[in-house]
Amino acid sequence: MNIIKKIALLLCLLSPLSQAETTLFGLTLGKSTRQEVEQTYTLQDKNTASGLPDSWNYYVVDGEQFNEPLLKRAALYFDNTQTLGRINFTFPSSLEKYKALEEQLSRQYPRIKMAPFVSEPLRLDKTEFQNDTTHIRLEYNVYNILLSFTDLKYRAIEKKPIAELKALEANNPKKEP
């Protein structure tokens, strides 16, 4: 029975991925607004991502709202126009689940060539994929599995303030007391 549930979860999560736009659980990256999302899901725990303006917020959605018993939670990230830019799904840690997700994503997205992954004490494995519209990161650690879908436009804009802050810090070295 558990295998049937896992297969059903995979189909629900990944069947829409073959489209040009990425739509997951009725949410379309780069198109769905916070107001539209609130009509379907209860957003909890408003936060601002570190290094980003206060108008770039993310909210936690309990996994039960997606009618998926294996999904612990999702974090929905919105840009300054309150458009959905990223969704992070969190699942319980399971090597079997990680391998199944990795296999399914490999069939639908081109894998990003990365240096060979070296396991860390807490992070056990990770892989990344990307097509013309979406960047996907799949990470397996001792606590959970993180599956992140990020709209490429959101990703580019998100990195800009962080890069500017790092450049500013590099140009203004701290004075020794």
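The structure contained in this document is the topic of the report that follows. (Residues numbered from 1 in each chain as written. Predicted model: local features only at pLDDT ≥ 70, side-chain atom pairs only at ≥ 80, totals over all residues. Heavy atoms only, no water.)

## What to know about the side chain of T90
Turning to step 1, where the next piece is worked out: Structurally, T90 can be placed in strand 6 (residues 84-92).
Turning to step 2, where the next piece is worked out: Every residue in contact with T90, bar those within four places of it in the chain, is listed here: L71, K72, R73, N144, I145 and L146. (Helix = DSSP H or I, 4+ residues; strand = E, 2+ residues; numbered from the N terminus. Contact = heavy atoms within 4.5 Å.)

## Quick look at the sheet that holds strand 3 (residues 44-48)
Turning to step 1, where the next piece is worked out: Taken in spatial order, the seven strands of this open sheet run 3-4-5-6-9-8-7, and their pairing is antiparallel. Across the chains shown, the open sheet's two edge strands, defined by having one partner strand only, are strand 3 and strand 7 (123-130). Here the strands of the sheet are splayed against their neighbours by 15° on average, with no regard to which way each runs.
Turning to step 2, where the next piece is worked out: With five bridges joining them, strand 4 (residues 57-62) and strand 5 (residues 73-78) adopt antiparallel strand pairing. By the bridge assignment for strand 5, V61 is matched with A74. (Pairing = 2+ DSSP bridges. Axes fitted to C-alpha atoms, helices over the stretch in contact; angles between N-to-C directions.)

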